[in-house]
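Geometric and topological summary
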Amino acid sequence: MKVPLLDLCPQYQSLKGEILEAIAEVCESQRFILGAKVEKLEAELAAYCRSGACVGVTSGSDALLIALMAEQLKPGDEIITSPFTFFATVGAIVRAGAKPVFADIDPVTFNIDPAKVAEKITPKTRGIIPVHLFGQAADMDPIMSLAEKHGLFVIEDACQAIGAEYKGRRVGSIGDYGAFSFFPSKNLGCFGDGGAVTCRTAEKAQLLKIYRNHGQSKTYIHEYVGGNFRLDALQAAVLSVKLKALDSWSAARQRNAAEYAELFKDLEAKGVIVTPKCAAYDVRHIYNQYVIRVKGGKRDALKACLTEKEVGCAIYYPLSLHLQNCFRDLGGKPGDFPVTEAATAEVLALPIYPESTAEQRQYVRDCIAGFFA
Ligand SMILES: *Cc1c(COP(=O)(O)O)cnc(C)c1O
C-alpha cells in the first residue's frame, strides 16, 4: 500500500465539471486581474469567516505583508510572534521593516503562549501575530486583552486554519486582520498561489486595496509604496467553487483525526508517541495537518521507516525560526525557546487529507507499531 501525505486528485475529480466551467468563464471574459470573480470571492470569504470585509491577494505571505504595510511600521517597531511557524510569518515582519520578537509556544497546541507574549511587550511593541498552527486556534482572549491594554494591533496568521473556530468565533474575525493562504496544500487551495486578508471594516479593506495595487488611490496617483498583491480572477473562480465543499472536507479531516486517535491508543499508552490534542478552550480544529510527537529521540528514524514503506510524512518545522541563519542578527541562541526547540525535534505530520481511507490509516498505524515493536 501507498499513502501519500496529500493527494489533491480526488478533490479535483469531484468538482471538475464546475471548476472547468468557472475557468472557462474567465477565459471568455479575458479579464484576469481582480474584477467580478475576485469581488464575489471576497464577499463569500468575508461571510464564511464572519468578518467585516475581505481583500483577495497574491498569497498568504503577501496577506501578512499587506496587513503589516497598512499599519505603517517604522524601523525599530517590534512585532511579537511564534518561533514555531512557517517562515513567511516572520519574513513578512522583516519585509515590512519591523523587528520580529519571539515568544515561546504552548506544548499542547503548538501555538504562541499568551503568558510568554506578555513578558515580551516593550514600549516599542506595535503588534502581535498569533499563528493558528496546523488548523487549531491560538488562545485569542488573553492575546486580545494584552493588545487592548497596550494599544497593539493583532494579525491572525490563519493561513493553515480557514474555518477554524475559537470559542465559537471564526479565526480571522477576532484580531484586526486575518491572513489566509490558498496555497494548494491548505484546506482551501487554489491552482497556484493565492491569499486573502480579512478585516473588520470596509474602510480598512479600502486601505488594504490601495496597498494591494502599488498604493494607488486613483490611477497613477500613489499615496503609499504598496506592491502588486492582486489576486487573479482564475484563482478566485476556482476558490468560489471549492469554498462550497470546504466544510465537508474539514469534517472528513476531523473524522480521520478521531480514527487515528483510536488506532494510536496503545502506542500512546506505551509512551512512544503523543497524538495531537485539542486545546483546553473550546475550538473547532480543522486539521490542516495531523501532527504527532515521536518520543525517545526516534522521530527521524520513524520518518525514514515510514518513507521506506511509502507512507508520506513531513516535519513542520525542523528548526525554530530564532535559529535560522537569516535571523542571526536578532541574536537567537539554542535554549532560548525550549518548548519550540523540543517540538522541532519530535513533530511528524501524517496523512490526514479528506479522501484518505480507513485502510490507509490502519496501514500507517501498523507501520508505526512495527517500527516500535
Ligand atoms: C502557508 C503559510 C503561510 C504563507 O502562505 P503562502 O500562500 O504560501 O504565501 C504563512 N503562514 C503560515 C502559518 C502558513 O502555513
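Residues numbered from 1 in each chain as written. Predicted model: local features only at pLDDT ≥ 70, side-chain atom pairs only at ≥ 80, totals over all residues. Heavy atoms only, no water.

1. Looking at the nonpolar core
To be explicit about the condition: Nonpolar cores are built from buried Ala, Val, Leu, Ile, Met, Phe, Trp, Tyr and Cys residues. Side-chain atoms within 4.5 Å join them into one set. Remark: exposure states derive from per-residue accessible area (1.4 Å probe, protein chains only) relative to the maximum for the residue type, with buried under 20%, exposed over 50%, and partly exposed in between. Strands here mean DSSP runs of E at least two residues long; helices mean DSSP runs of H or I at least four residues long; both are numbered from the N terminus. Domain ranges listed in this record stem from an automatic or a database domain assignment.
Of all hydrophobic cores here, the largest spans 56 residues; its most connected members are Leu-45, Met-140, Ile-162, Phe-180, Phe-182 and Leu-188. For this core, the secondary-structure elements that each account for two or more residues are helix H1 (9-29), helix H2 (36-48), helix H6 (140-150), helix H8 (233-243) and helix H9 (246-263). No other element matches the seven residues that H8 contributes to this core. If you count residues domain by domain, this core takes at least three from each of domain 1 (9-104 + 111-243) and domain 2 (246-372).

2. With respect to the domain arrangement of the protein
Rules: Pairs of residues are marked as contacts when any of their non-hydrogen atoms sit within 4.5 Å. Note on terms: buried area is the combined drop in 1.4 Å-probe accessible area of two parts once they are placed together, counting the loss on both. For this analysis, a salt bridge means a side-chain nitrogen from Lys or Arg found within 4 Å of a carboxyl oxygen belonging to Asp or Glu. Two N or O atoms count as a polar contact when they lie within 3.5 Å, although within protein this holds only if one can serve as hydrogen donor and the other as acceptor, and sequence-adjacent residues are included solely when both atoms are side-chain atoms.
You can read the domains of the protein as domain 1 (9-104 + 111-243) and domain 2 (246-372). Centre-to-centre, using C-alpha coordinates, domain 1 lies 25 Å away from domain 2. Listed per partner, the contact involves 43 residues of domain 1 and 34 residues of domain 2. Summing both partners gives a buried area of about 3,200 Å² for domain 1 against domain 2, and 62% of it is carried by carbon and sulfur. When residues of domain 1 are sorted by the area they lose upon contact with domain 2, Phe-84, Phe-134 and Asn-187 head the list and together hold 23% of the total. Linking domain 1 with domain 2 are zero salt bridges, by the criterion used here. Linking domain 1 with domain 2 are 22 residue pairs in polar contact (both at pLDDT 80 or more). Elements with a minimum of two residues in the side of domain 1 that touches domain 2: H1, helix H4 (87-95), strand S3 (99-102), helix H5 (114-120), strand S6 (165-166) and H8.

3. Here's the deal with the layout of surface pockets
Stated formally: Here a cavity denotes grid points, spaced 1 Å and computed from the protein atoms alone, that fit a 1.4 Å probe unable to get out, and a pocket denotes an open set having protein on both sides within 12 Å along at least 5 of 7 lines; residues with an atom within 4 Å of a point are the lining. Grid points are joined across faces, edges and corners, and a volume is the space filled by probe spheres set on the points. Residue type decides the class: Asp, Glu, Lys and Arg count as charged, Ala, Val, Leu, Ile, Met, Phe, Trp, Tyr, Cys and Pro as nonpolar, and the leftover types, Gly among them, as polar.
By volume, the largest pocket amounts to about 470 Å³. Lining the largest pocket are 28 residues; nearest its centre among them are Phe-86, Gln-160, Phe-183, Ser-185 and Lys-186. Elements that contribute at least two residues to the lining of the largest pocket include exactly helix H3 (60-70) and H4. Taken together, the residues of the lining of the largest pocket sort by class into 13 nonpolar, eleven polar and four charged. No fewer than three residues from each of domain 1 (9-104 + 111-243) and domain 2 (246-372) sit in the lining of the largest pocket. Lining the second largest pocket are Lys-99, Pro-100, Val-101, Phe-102, Lys-120, His-322, Leu-330, Gly-332, Asp-336 and Phe-337. Residue contributions to the lining of the second largest pocket peak at four residues, all from S3. Split into classes, the residues belonging to the lining of the second largest pocket amount to five nonpolar, two polar and three charged. Inspection of the lining of the second largest pocket shows a minimum of three residues originating in each of domain 1 (9-104 + 111-243) and domain 2 (246-372).

4. A short note on the sheet that holds strand S1 (residues 53-57)
We apply this condition: In this description, strands pair whenever DSSP reports at least two bridges between them. To get an axis, a line is fitted to the C-alpha atoms, and for a helix only the part in contact is used. The angle between two axes follows their N-to-C directions and goes from 0 to 180 degrees.
Reading across from one edge, S1-S9-S8-S5-S4-S2-S3 is the order of the seven strands in this open sheet, with mixed pairing throughout. A strand with exactly one partner marks an edge of an open sheet, and here the two such strands are S1 and S3. For this sheet the average axis-to-axis angle between neighbouring strands, irrespective of direction, equals 25°. Examined bridge by bridge, S1 and strand S9 (residues 195-199) share five bridges and lie antiparallel to one another. Residue pairing for S9: Gly-56 is matched across the bridge by Ala-196. Set on the sheet, H4 makes contact with strand S2 (78-81), S3, strand S4 (125-129) and strand S5 (153-157); between it and S3 the angle comes to about 140°. Across the sheet, helix H7 (residues 202-212) is in contact with S1, strand S8 (177-181) and S9; its angle to S1 comes to roughly 10°.

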